[in-house]
Amino acid sequence: MSPDVLSTPAVETAKVPDRAQSRAQAARRRKVFVNAMRVVLLVAVLGLWEGLSRAKVIDPFNFSMPSKIWDQIWTWVTHGTALGSLGEQIWYTLYEALLGWIIGVIAGVLLGIALGRIRLLAEVLGPYIKVLNSIPRIVLAPIFLIWFGLGPSSKVASAVVLVFFPVFFNAFQGAREVDRNLVANARILGASDRRVTLQVVIPSATSWIFTSLHVSFGFALIGAIVGEYIGATKGIGLLVSQSQNTFNAAGVYAAMVILALVALVAEGLLTFAERRIFRWKPAGSDD
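Residues numbered from 1 in each chain as written. Predicted model: local features only at pLDDT ≥ 70, side-chain atom pairs only at ≥ 80, totals over all residues. Heavy atoms only, no water.

K.L.:
What is the right way to look at the packing of helix α4 (residues 86-117) against helix α10 (residues 236-245) in this model?
P.N.:
Axes are the key here: two packed helices are described by the angle between their axes and the distance separating the axes. Running from N to C, α4 and α10 cross one another at 120°; their axes reach a closest spacing of 7 Å. Residues L86, Q89, I90 and T93 of α4 form the contact with α10, whose participating residues are I236, G237 and L239. Of the residues assigned to the contact of α4 with α10, the class counts are four nonpolar, three polar and no charged. (Axes fitted to C-alpha atoms, helices over the stretch in contact; angles between N-to-C directions. Helix = DSSP H or I, 4+ residues; strand = E, 2+ residues; numbered from the N terminus. Contact = heavy atoms within 4.5 Å. Nonpolar A, V, L, I, M, F, W, Y, C, P; charged D, E, K, R; others polar.)

K.L.:
Looking at this structure, I do not really get the confidence of the model for the protein chain. What am I missing?
P.N.:
Detailed reading of the predicted coordinates is not advisable wherever pLDDT is low. Confidence in the prediction for the protein chain averages 80 pLDDT; 80% of positions are at 70 or higher. The least confident element of the protein chain, judged by mean pLDDT, is helix α8 (residues 180-188) at 61; the most confident is helix α3 (residues 66-79) at 90. (pLDDT = per-residue confidence, 0-100.)

K.L.:
Looking at this model, I keep getting lost on the pattern of salt bridges. Mind explaining?
P.N.:
One side chain can pair with another of opposite charge once the charged atoms of both are near each other. Within this structure, the stated rule accounts for three salt bridges. Here E123 and R119 are joined by a salt bridge, their closest N and O atoms 3.5 Å apart. Of this pair, E123 and R119 both sit in helix α5 (residues 119-134), four residues apart, which is roughly one turn of that helix. (Salt bridge = Lys/Arg side-chain N within 4 Å of Asp/Glu carboxyl O.)

K.L.:
Would you take a moment to explain unusual backbone geometry for this structure?
P.N.:
Negative phi values dominate among residues other than glycine, just as trans dominates among peptide bonds. Even without a glycine there, the phi angle at K56 is positive, about 60°. Within the secondary structure, K56 sits in the loop between α1 (3-54) and α2 (60-63). Overall, K56 belongs to the exposed group, its relative accessible area being 60%. (Buried < 20%, exposed > 50% of the residue type's maximum accessible area, 1.4 Å probe, protein only.)

K.L.:
Could you clarify how one ought to interpret the nonpolar core in this entry?
P.N.:
Within soluble globular proteins, side chains that are nonpolar tend to cluster in buried spots. By size, the foremost hydrophobic cluster in this structure holds 21 residues, and its most contacted members are W101, V105 and L213. Element by element, the count of residues in this core is highest for helix α9 (residues 193-230), at eight residues. Contact partners of V105, with chain neighbours within four places excluded, come to V163, V167, L213 and S216. Membership of the second largest hydrophobic core comes to 13 residues, among which are I69, I236, V240 and A255. (Core = buried A, V, L, I, M, F, W, Y, C linked by side-chain atoms within 4.5 Å.)

K.L.:
Mind showing me how you'd approach the side chain of S243 here?
P.N.:
Mapping S243 onto the fold places it in helix α10. Take S243: its relative accessible area is 4%, and that puts it in the buried class. Contacts of S243, omitting those with residues within four sequence positions, involve W76, N248, G251 and V252.

K.L.:
Is there a simple way to explain the layout of surface pockets in this structure?
P.N.:
Empty space among the atoms can be located by rolling a probe the size of a water molecule over them. Put simply, the second largest pocket is a space of about 350 Å³. Looking at the second largest pocket, it is lined by 15 residues, and the ones nearest its centre are I69, I73, Y253, V257 and I258. Among the secondary structure elements, those contributing two or more residues to the lining of the second largest pocket are α1, α3, α4 and α11 (249-277). In terms of residue class, the lining of the second largest pocket is made up of 15 nonpolar, no polar and no charged. (1 Å grid on protein atoms, 1.4 Å probe; cavity = no way out; pocket = protein on both sides within 12 Å on 5 of 7 lines; lining within 4 Å. Points joined across faces, edges and corners; volume = space filled by probe spheres on them.)

K.L.:
Teacher, can you tell me more about the packing of aromatic side chains here?
P.N.:
Aromatic rings in a pair are described by how distant their centres are and how their planes are angled relative to each other. Scanning all chains against the criterion turns up 12 aromatic pairs. Residues F164 and F165 carry aromatic rings whose centres are separated by 5.0 Å and whose planes lie at 85° to one another, so their mutual orientation is edge-to-face. Like F164, the residue F165 is buried in the burial classification. Clustering of aromatic rings is evident, with ring pairs tying together F164, F165, F168, F169 and F172. (Phe/Tyr/Trp six-rings, centres within 6.5 Å; stacked < 30°, edge-to-face > 60°.)

K.L.:
Hey, could you run me through α10 in this one?
P.N.:
Along an α-helix, residues three or four apart share an orientation, since each turn contains 3.6 residues. Burial runs high along α10: seven of the 10 residues are buried. Looking at α10, one finds that the buried residues are I236, G237, L238, L239, V240, S241 and S243. Taken from the residues just after α10, F247 is the one with a positive phi, measuring 55°.

K.L.:
In this structure, what is going on with empty space enclosed by the protein? I would like to understand it.
P.N.:
Going through the model one piece at a time under the given rule, you end up with one cavity of 30 Å³ or more. Quantified by volume, the largest cavity comes out at close to 40 Å³. Lining the largest cavity are I90, T93, L94, L221, I236, I258, L259 and V262. Contributing elements (two or more residues each) for the lining of the largest cavity: α4 and α11.

K.L.:
Where do I start with the environment of A141 in this structure?
P.N.:
Following the sequence through the fold, A141 ends up in helix α6 (residues 140-148). Once the C-alpha coordinates of A141 and S154 are considered, the two residues, 13 residues apart in sequence, prove to be 7.3 Å apart.

In structure tokens, the structure reads:
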């Protein structure tokens, strides 16, 4: 047998790790490039905003400027706000949003799975859910304020109604999209309705549910902020309201920046949890 024939498989095998390593290096270079472009874009936008404000091309009183926004954030961090420390305001808003998010997620998942599995229940409750979903949820915030007062309960209620519907519809759709063959096989093996729901339907719908969690936490923050803006004793929403009432544009933007940072941290935690849970998924499946 020719020596060339014997050596060919070894050469091809050696090329496989090289290709994988090259793809990994290309992916890392692309990631660095994308992150660099993001930083450049952010710096360019902030620099243009600062320059136009200082040149009075745009009104610095109404639009403020990045340097004043940073000064406002630094003042809140070092000296606190008129309502107390900045950390206390962030925690108050985060507590309302987090509690509303948890309640809304639990209610949405339970009801979504139940209606997805029980056809009669879906036919009875479906029209009412559609009617409630058609109501602009933001307008419920003043009603909750009347019902529950200025405390955190009214903000939690606002967060719950904003979180519930996206989670519910994703859980409902996830329960409906379960592979019927899996359900049929589980029943053939003697699984009860309860075991089918717990061991087949819910795991299959998990990816649908996690998709809604990323969006729903932002909705929870919106519910808490709107409730605080309408009426509260503390919180980031009240900082926005007070800054607006005193024509402090920098204060409004500063509160928005703080909220964006809180939302980014929450999104990062959810993404980390999702990757830990769905470690079995291929790396490119999320693209």
